[in-house]
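The residues making up each chain are set out below.
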Amino acid sequence: MYDYKNDPNQLIPETDKYSRYRKTTDGYEFKGRRANHCWRLWHDPVITWDGLVAPCCFDKDAQHRMGDLKKKTFKEIWKSEEYINFRIKILHGRKNIDICANCSEGTKVWER
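Residues numbered from 1 in each chain as written. Predicted model: local features only at pLDDT ≥ 70, side-chain atom pairs only at ≥ 80, totals over all residues. Heavy atoms only, no water.

A. Structural detail: the overall build of the protein chain. Each helix and strand in the protein chain was counted, giving four helices and seven strands. The N-to-C order of helical and strand elements in the protein chain reads β-β-β-α-β-β-β-α-α-α-β. If you take every contact in the protein chain between residues at least 6 apart in sequence, the share linking residues at least 24 apart comes to 46%. Here the protein chain displays about 7700 Å² of accessible surface, and carbon together with sulfur accounts for 50% of that area. (Helix = DSSP H or I, 4+ residues; strand = E, 2+ residues; numbered from the N terminus. Contact = heavy atoms within 4.5 Å. Areas by Shrake-Rupley, 256 points an atom, 1.4 Å probe, with all protein chains shown as cover.)

In structure tokens:
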């Protein structure tokens, strides 16, 4: 979901117990608490049809490209400074990374 604050496509369930968001006066917010970690950045990269490497499946449009397999090997991309810095960034605060702020991976508590 690209705009979970406003839900223009009406994808958020109306029944609260099925939704991972709660409605607020400003739109919607995630119900759970997320830790500043994510196993996906170390185990679950995504390679797009055209050879771009994205950090995970939440980067649907490969906006956070870690590299291009037409230019570098996977090993070079995986161990690159850019990828390492992206992993460090999530450890300091996932709310500062757009694809991580809306992700439920690492959720500690779901409110019911």
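Once you've had a look at it, read on.
B. Highlighting the pairing of strand β1 (residues 21–24). As paired elements, β1 and strand β2 (residues 27–30) share four bridges and run antiparallel to each other. Looking across to β2, one finds that K23 is bridged to Y28. Connecting β1 to the antiparallel partner β2 that follows it, the hairpin turn spans two residues. (Pairing = 2+ DSSP bridges.)

C. Spotlight on unusual backbone geometry. Even without being a glycine, A62 presents a positive backbone phi close to 50°. By the element assignment, A62 lies in the loop between β5 (52–54) and β6 (67–68). Judged by relative accessible area, A62 falls into the buried class, the value being 4%. (Buried < 20%, exposed > 50% of the residue type's maximum accessible area, 1.4 Å probe, protein only.)

Such coordinate-based values are descriptive only and should not be taken to indicate function.
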